[in-house]
Amino acid sequence: MEIFFHYFEWFMFLFLLALGFGVGRFLEANHYASIRQRETAYASVLLFGSRFPPDMATRQDCQLVTGHVVISSDYFKKFVFGLRSFIGGRSRGYETLLDRGRREATLRMKTEARRLGSKLIVNVKYESTSISGNRGAVPAFEILAYGTALIPPK
Amino acid sequence: MASTGMMVSNIEIIPGRRVSSHLGMVQGSTVRAKHAGRDLMAGLKNIVGGELKGYTELMQEAREEATERMVAQAKSIGANAVINVRFATTSVTLGAAEILAYGTAVVLE
């Protein structure tokens, strides 16, 4: 027991690492499954990066639609990134994190568009901000997707 | 954001309608701080990763308020649509963010 208290910080570190690895991976796999399923369901809502709609002549209503998510890294990914930053190169952990966030934000934007009866979003923009707190904290990102939903008049 | 009751878009035109006059830039911004309870939950969620729901809601409310303020300003100068809207987010200090929405107020015929 004395040993436990003596090395408490190390035990805590290993515990958090294991928790981040185990639960973090599980949550990520679940999230990806849900993203893929919803992406199929919302495939009929089309996104355009162009500023102008394909059909400019028809009178249509416009509404700004947004979708966003605040997504956090886990303890394990942060640790692996710490090691990775010694030698540089790509960080898969953060790549999948931002990919998840961006796809989730896109899906939320599509959900809002469909609720308004739109099947077309033009001028889609993405913005991401790092909102991690104090130094050394596990990083979190806010990812925003927004665009103009075109709604055919009733 | 559909509750604003005004046509808001981030493109320069409204399809099939003509802009009869431009009224200049309008903007709305809000600074929000996270509260301790949400921060504590986020701290726990940080270990396993994933979405921080409390923060998502916080930023959502802030963005809606910024948009509402922008729309209110546009209404007050007699516009009936805001076009070319952009969003910007800046972290002001640790734990607080400013959210800005800006666009061009116009009158549609």
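Residues numbered from 1 in each chain as written. Chains lettered and ligands numbered in written order. Predicted model: local features only at pLDDT ≥ 70, side-chain atom pairs only at ≥ 80, totals over all residues. Heavy atoms only, no water.

## Some thoughts on the side chain of His31 of chain A
Okay, step 1: Following the sequence through the fold, His31 of chain A ends up in helix H2 (residues 8-41).
Okay, step 2: The class of His31 of chain A is buried, set by a relative accessible area of 16%. (Helix = DSSP H or I, 4+ residues; strand = E, 2+ residues; numbered from the N terminus. Buried < 20%, exposed > 50% of the residue type's maximum accessible area, 1.4 Å probe, protein only.)

## Examining the UniProt feature "transmembrane region" (unreviewed entry) in chain A
Okay, step 1: Residues given the UniProt feature "transmembrane region" (unreviewed entry) here are residues 6-27 of chain A.
Okay, step 2: For residues 6-27 of chain A, helix accounts for 95% and strand for 0%, while the C-alpha atoms at its two ends are 33 Å apart. (UniProt positions renumbered as here; feature names shortened; annotations may be inferred.)

## Looking at the nonpolar core
Residues and elements named next belong to chain B.
Okay, step 1: Counting residues in each nonpolar core, the largest one holds 25 residues, and the members touching the most others are Met70, Ala74 and Val82.
Okay, step 2: With seven residues, the single largest contributor to this core is helix H2 (residues 53-76).
Okay, step 3: Residues contacting Met70, with those up to four places away along its chain left out, are Val8, Val26, Gln27, Gly28, Val82, Val85, Ala101, Tyr102 and Gly103. (Core = buried A, V, L, I, M, F, W, Y, C linked by side-chain atoms within 4.5 Å. Contact = heavy atoms within 4.5 Å.)

## Some thoughts on the interface of chain A and chain B
Okay, step 1: At the junction of the two partners, chain A supplies 47 residues and chain B supplies 34 residues.
Okay, step 2: A buried area of about 3400 Å², summed over both sides, lies between chain A and chain B, and 58% of it is on carbon and sulfur atoms.
Okay, step 3: In this structure, the connection of chain A to chain B is made through three salt bridges.
Okay, step 4: Here Glu12 of chain B and Arg51 of chain A are joined by a salt bridge, their closest N and O atoms 2.8 Å apart.
Okay, step 5: Linking chain A with chain B are 15 residue pairs in polar contact (both at pLDDT 80 or more).
Okay, step 6: Classifying every residue of the side of chain A that touches chain B gives 22 nonpolar, 15 polar and 10 charged.
Okay, step 7: Pairing between strand S2 (residues 61-72) of chain A and strand S3 (residues 50-51) of chain B: two bridges, direction antiparallel. When the bridges of S3 of chain B are listed, Ile71 of chain A appears paired with Glu51 of chain B. (Buried area = accessible area lost by both parts, 1.4 Å probe. Salt bridge = Lys/Arg side-chain N within 4 Å of Asp/Glu carboxyl O. Polar contact = N/O pair within 3.5 Å; in protein donor to acceptor, adjacent residues only side chain to side chain. Nonpolar A, V, L, I, M, F, W, Y, C, P; charged D, E, K, R; others polar. Pairing = 2+ DSSP bridges.)

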